[in-house]
Amino acid sequence: MLADLRGAPRIAAFSCAIAIICLPIVARLVTGPRGAFVHVRWEKSVDASARQRLEVRFRLADGEQLGGSTWRYDLLDPSRGNIRDLVRAPAVEDTQHIDRSRFTLVDTTRTARRGRIAYGGMLVTAADRVALALAVIAVLQVLLHWSCTLSLLADNRQRPMLLAATSYLVITALLFRNLLLVLPTHLCGELGDPLLNTSTVAWNAKHLPLSTGWWNFPAFAPLSGVTAFTEHLLGAYPLTSPIIWVTGNAVLAYNALQLLTLPLNGLATFALVRELTGSWIGGFIGGLAFAFAPFTGAHALHIQMLMAFGMPFALYGLHRYVKYGAMRDLVWFGLGWFSVMLSNAYMLVFFPILVAFWVLFFLRHADTRRWIAIAATVVAATLLVAPLLIGYHIRQTAYGLSRGYSEIFSWSAGIQQLASINPRAVLWAGWLPTNTDYEQSLFPGFAIIALAALGVGVSVRSEAQREWRRVALFYLAGAFLMWTFALGPEVRWFNVRVPPRYGPYWLLLHLPGLHSIRVPSRAWLPATLCLAVCAGLGAAWLASRRRGKWLIAPLATLMIAEGWFVGPAVQVPTPLPLHVPPDALVLDLLRINADDGRADPQYLAVVGNYRVVNGYSGYSPRHIDPLRDALADHNLEAFVPFRKRSDVYVVARPGLEPQFATWLESLHDTEHLIDSGQLKVYRLRRMGSGPPPPLLLPLPKAGETPLTIDVN
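So, here is what we can say about the structure in this document. (Residues numbered from 1 in each chain as written. Predicted model: local features only at pLDDT ≥ 70, side-chain atom pairs only at ≥ 80, totals over all residues. Heavy atoms only, no water.)

**So, the overall build of the protein**
Per the secondary structure count, the protein includes 27 helices and 15 strands. Sorting the 712 residues of the protein into buried and exposed places 54% on the buried side. For the protein, contacts bridging at least 24 residues in sequence account for 74% of all contacts bridging at least 6. Working note: accessible area of the protein is about 30900 Å², and carbon and sulfur atoms make up 63% of it. (Helix = DSSP H or I, 4+ residues; strand = E, 2+ residues; numbered from the N terminus. Buried < 20%, exposed > 50% of the residue type's maximum accessible area, 1.4 Å probe, protein only. Contact = heavy atoms within 4.5 Å. Areas by Shrake-Rupley, 256 points an atom, 1.4 Å probe, with all protein chains shown as cover.)

Below you can see the structure in the form of structure tokens.
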């Protein structure tokens, strides 16, 4: 193919090859030594949230806890100024592998971990990214413009989808490359939400959904109905449960789900955009824009936010139904709606708003039959989920679970956060403001904005694309509408309220049940889908232009780079080295003495078939804070409500709770069962004689407190 190049194209190809080879080398010669591993011991007062903010500030990546408050990091900014600030920070107790007098790295020969592209100074980072982008652009240009490839794709309607699926899978594999060799034992990012969700899919596989046993998730014992404290993830049941039944490994099942969600999001959007434009390139870019948007990286640890393929699938069915009037397309819409209802509690609120807007936008008053057909499909699909929703309502009402206005307000996005990126983002780190509250990072990406603007502009102004006009206007308006909901009940610019002062979300708070939704900024997920469709329109127009098609590959590359994120693979905890009877309770001090954002206790409870007194979820029972205070004061009354029902096994880690372990061993009725150096397990026998009461308490009545801790 190079032989066919003449003049400027040949010079451009030769220059590109030289740049790919030389740019990284020249940058390294200019900037000097690369980053390296460092150890940082944080002060005891630094909690998980503060530590994450400090990691972003000092460019500490791929954190790995070595024990206690000591962490190992890949220091991405080895400049003298950054090291000096790190060493002198009040939150840092000590460091290793750093010359604390000269503020330099002791060992500068180590390479960055896990094949990271970006390390060291900003110039090296930029050079690496440009070189990689040039290589990817060259490959994409060959694929997109090689006449033989295009002719093959034109012969068969399924080949573009196969190419898109392969591309999405490869990109996903590269994003989660740290995970690929450790799928059965590690999770991406941290042991908080990912481990909680792993526990949930494991629990689903062990119980018949909606059965009495299924509702009693083994956390916060002896309370019942705890499944309603967090997401149920039943939308993942058809994939994760068979894997667990065959392998017995919930971590493997969760990781399989994680690796498939992004390609499924991309393929569903591919089908939607190709249906709207008739262009497979437009569909491919639309799928890329939704599956790998920057907002995806912000929620890489929230699998329920990644399970978003039901939304484009439902819209695909709606557009086809309006176009062809076939009942089978209503079935596709119903399946998509059903998937949304089972996958994400937030989309139970936000996606119906977008669908209602779609119906008002595309259906005329004369389309009474179609109005009725769509409404009947929504009702039928929702009725299938009604028992689940009613079960959640009963249990959350029994415990008085809801979100206060101030909490909802604090999780809302500000107008300025359209330009903020999340701490895991790579490309614009150091250039755009980094939002430590990643939930509110709404940066859509420059490539997506450019293509979306092009798609809307061409659709509105060009007579050749007149049939796209309504589609472009709807998805542009839909993105704006969903963004207004993401702003929460009050519209703010840098915490200053601006007109119209109250947003549409304020009206939602007056509807029953809406106070259970904590994070308004998650409304940006359907807005991301709308922008992806607009971007697909822009790409479809470029693909129809002889010269314009050459812009698609660079924009696609930029799109992938803007959505790129990093995160370590963290090993899940191993089961307790002893058998705990199913009628006993376990108190794991990891989640009682320190709120460190880890879900180890309930994961171990699900794996070990026992119940834990503590837990990790979106809601916390009222007795947990008094229990934590009583244990911190070494008050024996903390154990009484639990010992009246069962033996209590106490799990302590001497490195984290040395004083508590010493106090517990001083009690006369404590049985010391395990001492492995890093783990100690004790048993406190049940108090009282006679047959024990039922292990689980019944659901409380309205206003009733099911469990109290006497701290007086």
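Moving on, there is more to tell.
**A word on helix H6 (residues 158-175)**
Along its 18 residues, H6 runs 26 Å from first to last C-alpha, staying within 8% of the 26 Å computed at 1.5 Å per residue. Taken together, the buried positions of H6 are occupied by Pro-160, Ala-164, Ala-165, Ser-167, Tyr-168, Ile-171, Thr-172 and Leu-175. Looking straight down H6, one finds its buried side chains confined to an arc of 165 degrees; they lie on one side. Across H6 from its buried face, at more than 90 degrees, point the exposed residues Gln-158 and Leu-162. (Expected span 1.5 Å × (residues − 1). Arc of directions from axis to C-beta.)

**So, the sheet that holds strand E3 (residues 70-75)**
Ordered by their spatial adjacency, four strands build an open sheet running E2-E3-E1-E4, and the pairing between neighbours is antiparallel. Only two strands of the sheet have a single neighbouring strand rather than two, namely strand E2 (60-67) and strand E4 (92-96). Neighbouring strand axes in the sheet, compared pairwise and without regard to direction, differ in orientation by 30 degrees on average. (Pairing = 2+ DSSP bridges. Axes fitted to C-alpha atoms, helices over the stretch in contact; angles between N-to-C directions.)

**Here's the deal with the sheet that holds strand E12 (residues 611-612)**
Taken together, five strands build an open sheet; the order of strands is E12-E11-E13-E15-E14 and the sheet is mixed. Looking along the sheet, the strands with just one partner apiece sit at the ends: E12 and strand E14 (670-675). Strand direction decides the pairing type here: E14 and strand E15 (residues 680-684), joined by five bridges, are antiparallel. Each residue of the ladder has a partner; that of Thr-670, found in E15, is Leu-684. Sheet strands touched by helix H27 (residues 658-666): strand E13 (648-652), E14 and E15. Its angle to E15, the strand with the most contacts, is close to 40 degrees.

**Focus: the nonpolar core**
In this structure, Ile-285, Leu-288, Phe-351 and Tyr-475 are the most contacted members of the largest nonpolar core, which totals 189 residues. Per-element tally for this core: the top contributor is helix H22 (residues 524-543), with 16 residues. Once residues within four sequence positions are removed from consideration, Tyr-475 is found in contact with Leu-272, Leu-276, Leu-315, His-319, Cys-530, Val-533 and Cys-534. Within the second largest apolar cluster, 21 residues are counted, among which are Val-38, Leu-75, Ala-89 and Val-92. (Core = buried A, V, L, I, M, F, W, Y, C linked by side-chain atoms within 4.5 Å.)

The values are spatial; any link to function lies outside them.
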